[in-house]
Amino acid sequence: MPRYLVVRKFDVGEDEMPEVGNRSRRTMEEGYPEITWEHSHVVVGEDGNVMTYCVYAAPTEEMVRAHAIDLGRTRSRQCTRSQPNVTPADFPPVSA
């Protein structure tokens, strides 16, 4: 199944993110059961608002975008199809 990276800039601070996370899960379970939320990285910006970098597996990008719109509470969002993950172990050491 394709994977997507969703970047969101929320209009909430860190203390409100548990409610947003619960809402995201509920929205997905009730309206988008085909989507799997794999994980998220959460960053607090200089303005105190939260940004998230989330990875989802879903049949289509449109479905992931629809979930993001239904979730709301964001100032902006971006959705991009993700390529396979890589780690430093995937690359040989550089010889000196």
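Residues numbered from 1 in each chain as written. Predicted model: local features only at pLDDT ≥ 70, side-chain atom pairs only at ≥ 80, totals over all residues. Heavy atoms only, no water.

**Student:** Which parts of the structure should I look at to understand the nonpolar core?
**Tutor:** One broad trend across soluble globular proteins is that nonpolar side chains are buried collectively. Grouped together as the largest cluster of nonpolar side chains are 11 residues: Tyr4, Val6, Met28, Tyr32, Ile35, Cys54, Tyr56, Ala58, Met63, Val64 and Cys79. If you list the elements that add at least two residues to this core, you get strand S1 (3-13), strand S3 (49-57) and helix H2 (61-71). Not counting the four nearest positions on each side in its chain, Val64 is found in contact with Tyr4, Val6, Ile35, Tyr56, Ala58 and Cys79. Residues Phe10, Val12, Val20 and Val50 belong to the second largest nonpolar core, which totals six residues. (Core = buried A, V, L, I, M, F, W, Y, C linked by side-chain atoms within 4.5 Å. Buried < 20%, exposed > 50% of the residue type's maximum accessible area, 1.4 Å probe, protein only. Helix = DSSP H or I, 4+ residues; strand = E, 2+ residues; numbered from the N terminus. Contact = heavy atoms within 4.5 Å.)

**Student:** Please explain H2 as it appears in this structure.
**Tutor:** Think of an α-helix as 3.6 residues a turn; residues three or four steps apart then line up on the same face. Within H2 the residues assigned to the buried category are Met63, Val64, His67, Ala68 and Leu71. Taken down its axis, H2 places every buried residue within 140 degrees of arc, on the same side. In H2, those exposed residues whose orientation departs by more than 90 degrees from the buried face are Glu62 and Ile69. Positioned one or two residues after H2, Gly72 has a phi angle of 70 degrees, which is positive. (Arc of directions from axis to C-beta.)

**Student:** I tried to follow the pattern of salt bridges on my own but got confused; where do I start?
**Tutor:** Think of it this way: side chains of opposite charge can pair up when their charged atoms draw near. Under the defined criterion, the tally for this structure stands at three salt bridges. With its nearest N and O atoms 2.7 Å apart, the salt bridge here joins Glu38 to Arg3. Of the two residues, Glu38 sits in strand S2 (residues 36-44) while Arg3 sits in strand S1, which places them 35 residues apart along the sequence. You can call Glu38 partly exposed: its relative accessible area is 36%. Its salt-bridge partner being Arg25, residue Glu29 comes within 2.9 Å of it at the nearest N-O pair. With Glu29 and Arg25 both in helix H1 (residues 17-31), this residue pair falls four residues apart, about one helical turn. (Salt bridge = Lys/Arg side-chain N within 4 Å of Asp/Glu carboxyl O.)

By themselves these figures say nothing about function.
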